[in-house]
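Per-entry structural report
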Amino acid sequence: MELTLRFFATFRDAVGEKERTHTVDADATVGDVLADLETTYDGLDGHLLSEDGTAVRQQLSVLKNGRDITHMAGPDTELEDSDVLSIFPPVAGGCLDHCR
């Protein structure tokens, strides 16, 4: 089945495009896709899944069709043909000196 993957910020830089079509097996999960991306793109290696591969890295946002997978089955969330996965890196920020 085919998915649409959308990448944001530094992940877009690592992949080299903001959106791509990705083919997976019929029984693939979000975790399977993230593991595949880590092995395919050096810039994503170690940035998507925990070291043991059982959880999405802290503060990483992964949306399936606009819904955060943490409110589903996490990396075990099942996929269907034509799903859209949006992958956001952790957001850093805070107040600059002028905000004090």
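Residues numbered from 1 in each chain as written. Predicted model: local features only at pLDDT ≥ 70, side-chain atom pairs only at ≥ 80, totals over all residues. Heavy atoms only, no water.

Right, let's get into the packing of aromatic side chains. Tallying each qualifying case throughout the model produces one aromatic pair. Between Phe8 and Phe88, the aromatic rings sit 4.1 Å apart at their centres with planes inclined by 10°, giving stacked as the arrangement. Of the two residues, Phe8 sits in the loop between β1 (2-7) and α1 (9-15) while Phe88 sits in strand β5 (residues 84-88), which places them 80 residues apart along the sequence. Under the relative-accessibility criterion, Phe8 is labelled partly exposed at 25%. Assessed through its relative accessible area of 26%, Phe88 is described here as partly exposed. (Phe/Tyr/Trp six-rings, centres within 6.5 Å; stacked < 30°, edge-to-face > 60°. Helix = DSSP H or I, 4+ residues; strand = E, 2+ residues; numbered from the N terminus. Buried < 20%, exposed > 50% of the residue type's maximum accessible area, 1.4 Å probe, protein only.)

Now for the sheet that holds β5. If you walk across this open sheet you meet the five strands as β2-β1-β5-β3-β4, and the pairing is mixed. The open sheet terminates on both sides in strands that have one partner only, identified here as β2 (19-23) and β4 (67-68). Strand direction decides the pairing type here: β1 and β5, joined by four bridges, are parallel. Opposite Phe7, over in β5, you have Ile87 as the bridge partner. (Pairing = 2+ DSSP bridges.)

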